Amino acid sequence: MESNNQTAKVRVKNVAIPIISFLMAVFGTWGLSIGYITSSGPLINSASVFSLLWFIIFAVMFWAALISISFRDVVICGVFGGIFAAFTCVGAAFTALGTVPLHEPYLYINIIATAFVMAAILRILFVIGPYVKNWLYKSDKCKILSGRLEKPGKGMFFIFFGLILVLWIPAFLALFPGFLSYDGPAQLAQVFIYKQIDAHQPVVHTYFLALCFKLGSALFGSYEAGLVIHSIVQALVVAGAFAYMGIFLCRHRIPKLLIIISLLFVAINPIIQVFVFTTTKDVLFSAFLLLLIMFTIDYISQPDKVAGSPWLMVRYAVTVILMALMRKQGIYIFIIAVPFLIWIGRKHFIKLGATFIASILAVMIFYGPISNALGIIPGTSREMLSVPMQQIVRVINTAPESVTEEQKEVIRRYIPEEVWDDYIPEISDPVKHLFNSGEFEKDPVSFIKIWLEIGLEHPNIYVDAFAYLTDAYWYPSVETNHYWSRLDFFHDILDEIPVKQHSLFPAYYDYLMKVGQDSLGNIPILSATVSNYMPVWATLLCIAVIFRQRKFSLLIPLAIIATLIGSLFLGPVACIRYTLPLLMLCPLLMALPFIKGKRYKIHGKALEIFRFAATGVICFALDWGTMMLMMKLTSLPDWICIAAGFILSVILNYIICVVWVFEDAGKQNVASQVVFLGSSIIGLGLTELFMLIFMQFMPASIAKIIVTLIVMVWNYVAKRFALYRIRPYFDKKKG
């Protein structure tokens, strides 16, 4: 009987896969022939014979992706394919139009069609991944790649260290005596001219920079010599971090070819070469973050060994402190990981907790009592409010008639009217430099309230303001480059600090500056290696792979990186120096899937909740997409559009819940089936009710997200009640 069922399933699958592939290919070809898939328009010309070729390519690709696919792959590929598709389609439309067309149906059709393609590509990559992995490990047997890399020691560290420094010599000569740029001149002016240090820039980095210049002046009578000292010291620190990365990759048995590629990437990447000799805090922050991520992976791999070694614990704590002192956000991205790190090493709860808390307290004490004792002007909160400020001022500039005098009066308390006309979409500095941080600290509620109030009236303008600030991080095109996102130039300082650039290798200098300005925009693939978006996409792809491998503990270092990306999305501008930490982490991201980690298998209720959440994401996409398309393409009342999307999602939800989410769903009695289905009908009523209420205050697209989360909790609780309370009760009564 069981074999007959298996045979029937195989037959259904053999018929279903070609049909589904055909339908997806039809939709994909149509969806990519309208709207904006690139900034110049659709990907496919529907009037061309090549559209048939695209259809055939898509049909074969979808068929290849669907063969033997597991539901886990459906979820992972669907979610991450959807994210990549949204980045691509929204970015293309925004670049072409200067606005995100939230009210245009073609945008959502583009996203869905591109999501199919992205998901299929991910699935195919997952299938061929093991074969590539085997080939890479077989290549290790090559005599050229074997040898010293098998058992790396101190000698190998110094070989890596020396080779990296040698490959950086042309950049040093080109940028001689160094690259005085970004905030470096302002930090030096605080020490040498104004005699007052501001915590807006990392205080430790300001002291480090000033110390190098004072040493140069004292030893050689020249501030330019001080810039040389800074360049050399910083290059040694960064080269040491990269050399340790080479040893780290060898110890974790990463394929030798990838180790060589990783070291070449950081040694000859022109953006990294420039920043190694640049006077910005982001360089040392990046080096310490790289070390922290490696130490975290070591800790996850062997928590008992790390917790049992005072040297390793001190090393970890010192790295955390140095990273946080280079950029204050470093302590916040570490705090995100602390609970998970303690859970991993819970046998050593007290020792780990004390070490991590001591690290955090050390940083807080420095930024608090110590900085106050040194007379340092405290930093402000304006940096983290860049996005809200830009959104409010954009509304004032693009829809002034919609902002009332009462609202303007509140805004003036925080953002002076004199900067409203200085608004530049791509950078918040002209607006935020006069932001009243003192008023915000006294009354943050009024600012948040006015921000929400205006945002609910102008969601599209808010989305546009956010896109202008961040699109370089997520849209895969160098078209997003603007003046402030590119590499900065050398800055001459005032007469008090005479420093000039004397390039000893002008041709290489021109090459570095050209790359910094156009990001190798005319060279495919290579342009991605110096772009703002590539590290963000690489991080997401790495997260997808780790999820699929079920090495969930390795998500902890990825959570640190993801939190850093989140902080960039709240920053004042999309800038290559802000992307530098991610660019330097790219070799680790490439190696992480090869690192051995404990595979976790989720059981019981946790597995059930995970499956229900994954089902919710899929059903939400169907529900939300149906509702939005019907609202845009038909003149039907809103409640009918809402109901249609919900009913379709309920049908799909019921099928998946019975087949996959709840193991006992197929063994229901009549009473439990009534409650199981009845919960969905009540969910429809709740959806209609909450949507009608929330749509009075916000757009339907946003309201739908909130309502879905509420109703999803109801559905899960009600369905569990039907299966594990109602069914046993009536079965017992019947028995």
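Residues numbered from 1 in each chain as written. Predicted model: local features only at pLDDT ≥ 70, side-chain atom pairs only at ≥ 80, totals over all residues. Heavy atoms only, no water.

1. A short note on the packing of aromatic side chains
Here comes step 1: On inspection of all chains with the given rule, the structure shows 36 aromatic pairs.
Here comes step 2: An angle of 55° between the planes, with centres 6.1 Å apart, marks the rings of Tyr 36 and Tyr 106 as tilted. One end of the pair, Tyr 36, is in the loop between helix H1 (2-31) and helix H2 (50-66); the other, Tyr 106, is in helix H4 (residues 105-139), and 70 residues separate them in sequence.
Here comes step 3: Measuring from centroid to centroid gives 6.0 Å for Phe 87 and Trp 474, while their planes differ by 35°, and the two rings are tilted. In this pair, Phe 87 sits in helix H3 (residues 71-97) while Trp 474 sits in helix H21 (residues 459-474), placing the two residues 387 residues apart along the sequence. Of the two residues, Phe 87 and Trp 474, neither departs from the other in class, the shared state being buried.
Here comes step 4: Aromatic rings pair up to connect Phe 27, Trp 30, Trp 54, Phe 58, Phe 62 and Phe 116 into one cluster. (Phe/Tyr/Trp six-rings, centres within 6.5 Å; stacked < 30°, edge-to-face > 60°. Helix = DSSP H or I, 4+ residues; strand = E, 2+ residues; numbered from the N terminus. Buried < 20%, exposed > 50% of the residue type's maximum accessible area, 1.4 Å probe, protein only.)

2. Quick look at a nonpolar patch on the surface
Here comes step 1: Taken together, the side chains of Ile 121, Leu 125, Val 127, Ile 128, Tyr 131 and Val 132 make up a nonpolar region of the molecular surface, amounting to roughly 520 Å² of accessible area.
Here comes step 2: Along the chain, the position of Leu 125 falls in helix H4.
Here comes step 3: You can call Leu 125 partly exposed: its relative accessible area is 40%. (Patch = residues over 30% accessible without salt bridge, like charges linked within 9 Å, V, L, I, M, F, W, Y side chains within 5 Å. Areas by Shrake-Rupley, 256 points an atom, 1.4 Å probe, with all protein chains shown as cover. Salt bridge = Lys/Arg side-chain N within 4 Å of Asp/Glu carboxyl O.)

3. Some points on the pattern of salt bridges
Here comes step 1: Tallied over the entire structure, the rule returns 15 salt bridges.
Here comes step 2: As a salt-bridge pair, Arg 548 and Asp 73 come within 2.8 Å of each other at their nearest N and O atoms. Taken together, the residues Arg 548 in helix H23 (residues 533-549) and Asp 73 in helix H3 connect sequence positions 475 residues apart.
Here comes step 3: Arg 548 sits in the partly exposed class, given a relative accessible area of 24%.
Here comes step 4: Among the ionic pairs, Asp 429 bridges to Lys 432, the shortest N-O distance being 3.3 Å. Separated by three residues within a single helix, Asp 429 and Lys 432 lie in helix H18 (residues 429-432), roughly one turn from each other.
Here comes step 5: The buried category is assigned to Lys 432, whose relative accessible area is 5%.

4. Some words on empty space enclosed by the protein
A probe matching the size of a water molecule, rolled over the atoms, marks out where space remains unfilled.
Here comes step 1: Within this structure, the stated rule accounts for five cavities of 30 Å³ or more.
Here comes step 2: By volume, the largest cavity amounts to about 230 Å³.
Here comes step 3: In this structure, the largest cavity is lined by 18 residues; those nearest its centre are Phe 646, Ser 649, Asn 653, Thr 708 and Asn 715.
Here comes step 4: Going through the elements one at a time, helix H26 (604-633), helix H27 (638-661), helix H28 (670-694) and helix H29 (700-734) are the ones with two or more residues in the lining of the largest cavity.
Here comes step 5: The leading source of residues in the lining of the largest cavity is H29, at seven residues.
Here comes step 6: In the lining of the largest cavity, the residues fall into eight nonpolar, seven polar and three charged. (1 Å grid on protein atoms, 1.4 Å probe; cavity = no way out; pocket = protein on both sides within 12 Å on 5 of 7 lines; lining within 4 Å. Points joined across faces, edges and corners; volume = space filled by probe spheres on them. Nonpolar A, V, L, I, M, F, W, Y, C, P; charged D, E, K, R; others polar.)

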